[in-house]
Amino acid sequence: MANLKEIKRKIGSVKNTQKTTNAMKLVSSAKFKRTEELAKKSRVYAGKLTELLNEIAQKMQQSNAEGIDNIYFRNVENPKKVDIVFITADKGLCGGFNFQTIKRTNQLISEYQAQDVKVRLRAVGRKGIDYFKFNNVELMNEVIGLSAAPEFKQAAELISEVAESYVNGETDKIILIHNGYINMITQEIRVDQILPVDTSKLELNSASTSELEVEPDDDDTLLDALVKRYIEYTMYYSLIDSLAAEHSARMQAMDAATTNAKEMVKELTVKYNKARQEAITTELIEIISGMESMK
Amino acid sequence: MELMKLEIVTPDGVIFDAEVKQVTLPGSEGEFGVLAKHATLVSLLDTGVIVIEKSDSSELAVAINSGYVKVDEEKTTCIVDGAVALSGDDSDLAKALEEAKTLLKSTESSNTAIAAAVSKVEHIGKSL
């Protein structure tokens, strides 16, 4: 019977899909472990760097009543131009991971546009680029490959370029959006203000009383270097964070897909058995009724 | 001699974390040594070599490209971009020396700073 054959073919194809999704899950879990290792290592460095920046900023704030007088700290009340850098994955099949970032980016764009602020977009990751290209939104930068294999040098180059346009006055604010990793089953959209450095976020506790000596004497030299390194590292760390989140999201999505495929195979098997039974019954009735008519 | 805590952190993680007697750092304004109870200080670090005198008085050198150091009364924290450790008991010292030299040469510092650091590395290599 044609129907039987059809169901059998379907079972085979679903089983194949299940194999693929399961393999993808395994690949992602292996990659995830590596990424997490990387994240763990760089977290220490990022933490120390932030700590140091905190202390310097605190010291400068104490010595200057009007706040910190440095280009990276100047806070524009009403920004006219904003740069948004957002990170998505290069690949799909990871649930709503990419779309969450895109959605948040879109939301921010419309928020800023409502305030008459010019927004420039810089995209990292193929999925985000594809989306905004499809919707005819202009992108300042398009970086492919970096979100799948974060590399410090490349990340630093990208963000330095953005920072330069900030120093030149081409933009008043730089925002970084990425989907960060919380744990195996949760990801969280993180929106960070890269520049100007958000002093409200720095923990400026006035508890430390010890005089801080700075070398070179000129505060700005040190602060400039530190801020530059800080944003470079924030960018790099966000890439790693995003990659870890991507892999965990994909693991989750592929796990769900594998389970669904399993369920489907089960359902189809029941259907197949029913159809087979039906065919047998029909055949039996045919034979019996044939015998009856012979009598 | 009083000991102090020294920590060296690179983007690849913590490479050194122990109690030491003294550390000599390549500051951007010149080399300086730090002992326990040093006044609080933050400095840029230039391309060069960090020389550590460990608690057992043995010396350890770490070649770095650039970074920062924060010194306070109880602890010294170096945040560096790239580092290669050169220690005497390392069997592949030659390899470490090569690595250190490549690291030093890859920076954007002035040629004299690089040359000074490279010669220092070579000197350490001979003395170990």
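The structure displayed is predicted, hence computed values, not measured ones.

(A) Structural context of the overall build of chain A. Scanning chain A from N- to C-terminus turns up five helices and six strands. Listing the helices and strands of chain A from first to last along the sequence gives α-β-α-β-α-β-α-β-β-β-α. Counting every position in chain A, which comprises 295 residues, the buried fraction comes to 32%. Taking the intrachain contacts of chain A between residues at least 6 apart in sequence as the baseline, contacts between residues at least 24 apart amount to 78%.

(B) Up close: the interface of chain A and chain B. At the interface, 19 residues of chain A touch 20 residues of chain B. Secondary-structure elements contributing two or more residues to the side of chain A that touches chain B are helix H1 (2-63), strand E6 (213-215) and helix H5 (219-294) of chain A. Ranked by residue count, the leading element in the side of chain A that touches chain B is H1(A), at eight residues. Considered class by class, the residues forming the side of chain A that touches chain B number twelve nonpolar, two polar and five charged.

(C) Molecular detail of helix H4 (residues 152-167) of chain A. Residues and elements named next belong to chain A. Compared with the 22 Å implied by 1.5 Å per residue over 16 residues, the 22 Å span of H4 between its first and last C-alpha is a close match. Regarding H4, the residues found buried are Ala155, Leu158, Ile159, Val162, Ala163 and Tyr166. Burial along H4 is one-sided: seen end-on, the buried residues are contained in an arc of 135°. Residues Lys153, Glu161, Glu164 and Val167 are exposed on H4 and point more than 90 degrees away from its buried face. Looking one or two places after H4, you find Gly169, whose phi comes out positive at around 90°.

(D) A look at the pairing of strand E1 (residues 4-10) of chain B. All names here are of chain B. Taking burial as the measure, the seven residues of E1 include five buried ones, the bulk of the element. As paired elements, E1 and strand E2 (residues 13-27) share seven bridges and run antiparallel to each other. Bridge assignment links Lys5 to a residue of E2, and that residue is Glu19. The antiparallel hairpin formed by E1 and E2 contains two residues in its connecting segment. Where E1 meets strand E8 (residues 75-80), five bridges bridge the pair, whose relative direction is parallel. Residue pairing in the sheet places Val9 in a bridge with Ile79 of E8.

(E) Molecular detail of the sheet that holds strand E4 (residues 173-183) of chain A. All names here are of chain A. Taken in spatial order, the five strands line up as E3-E2-E1-E4-E5 in an open sheet, and their pairing is mixed. Each edge of the open sheet is held by one strand with a lone partner, namely strand E3 (141-143) and strand E5 (186-195). Averaged over neighbouring strand pairs, the angle between their axes works out to 20° when direction is ignored. Contacts from helix H2 (residues 97-114) reach strand E1 (81-87), strand E2 (118-124), E4 and E5, with the element oriented near 150° to E4.

(F) Main features of the confidence of the model for chain A. Mean pLDDT for chain A: 86, with 91% of residues reaching 70 or above. The lowest-confidence element of chain A is E6(A), averaging 72 in pLDDT; the highest-confidence one is helix H3 (residues 126-134) of chain A, averaging 93.

(G) Seen up close, the confidence of the model for chain B. All names here are of chain B. Scored by pLDDT, chain B comes out at a mean of 82, with 90% of its residues at no less than 70. Model confidence for chain B, summarised as mean pLDDT per element, is weakest for helix H1 (residues 93-105) at 74 and strongest for E1 at 91. For this predicted complex, the interface confidence reaches an ipTM of 0.77, while the overall pTM sits at 0.83.

(H) Quick peek at unusual backbone geometry. Between A:Leu195 and the following residue, A:Pro196, the backbone shows a cis peptide bond with an omega angle of -10°. Counting through the fold element by element, A:Pro196 comes out in the loop between E5 and E6. Phi is positive for B:Lys37, close to 65°, though the residue is something other than glycine. Here B:Lys37 is to be found in the loop between strand E3 (30-34) and strand E4 (41-45). On the basis of neighbour counts, which here come to 10 C-beta atoms within 10 Å, the residue B:Lys37 falls in the exposed class.

(I) Structural view of the environment of B:Glu74. Tracing the backbone through its elements, the reader meets B:Glu74 in the loop between strand E7 (67-71) and E8. C-beta crowding within 10 Å serves as the criterion here: with 10 such atoms nearby, B:Glu74 is assigned to the exposed category.

(J) Just the pairing of strand E6 (residues 59-64) of chain B, in detail. All names here are of chain B. The element E6 is largely enclosed, with a buried count of five among its six residues. Note that strand E5 (residues 48-54) and E6 share six bridges and pair antiparallel. Bridge pairing links Val49 to Ala63 in E6. Hairpin remark: E5 followed by E6, antiparallel, with four residues in the connecting loop; positive phi at Ser57, about 70°. Sheet topology places E6 next to strand E9 (residues 83-86); four bridges connect them, and they run antiparallel. Bridging across to E9, Ile64 finds its partner in Ala83.

Thresholds applied
Residues numbered from 1 in each chain as written. Chains lettered and ligands numbered in written order. Predicted model: local features only at pLDDT ≥ 70, side-chain atom pairs only at ≥ 80, totals over all residues. Helix = DSSP H or I, 4+ residues; strand = E, 2+ residues; numbered from the N terminus. Buried ≥ 20, exposed ≤ 12 C-beta atoms within 10 Å, placed from the backbone. Contact = placed C-beta atoms within 7 Å. Nonpolar A, V, L, I, M, F, W, Y, C, P; charged D, E, K, R; others polar. Expected span 1.5 Å × (residues − 1). Arc of directions from axis to C-beta. Pairing = 2+ DSSP bridges. Axes fitted to C-alpha atoms, helices over the stretch in contact; angles between N-to-C directions. pLDDT = per-residue confidence, 0-100.

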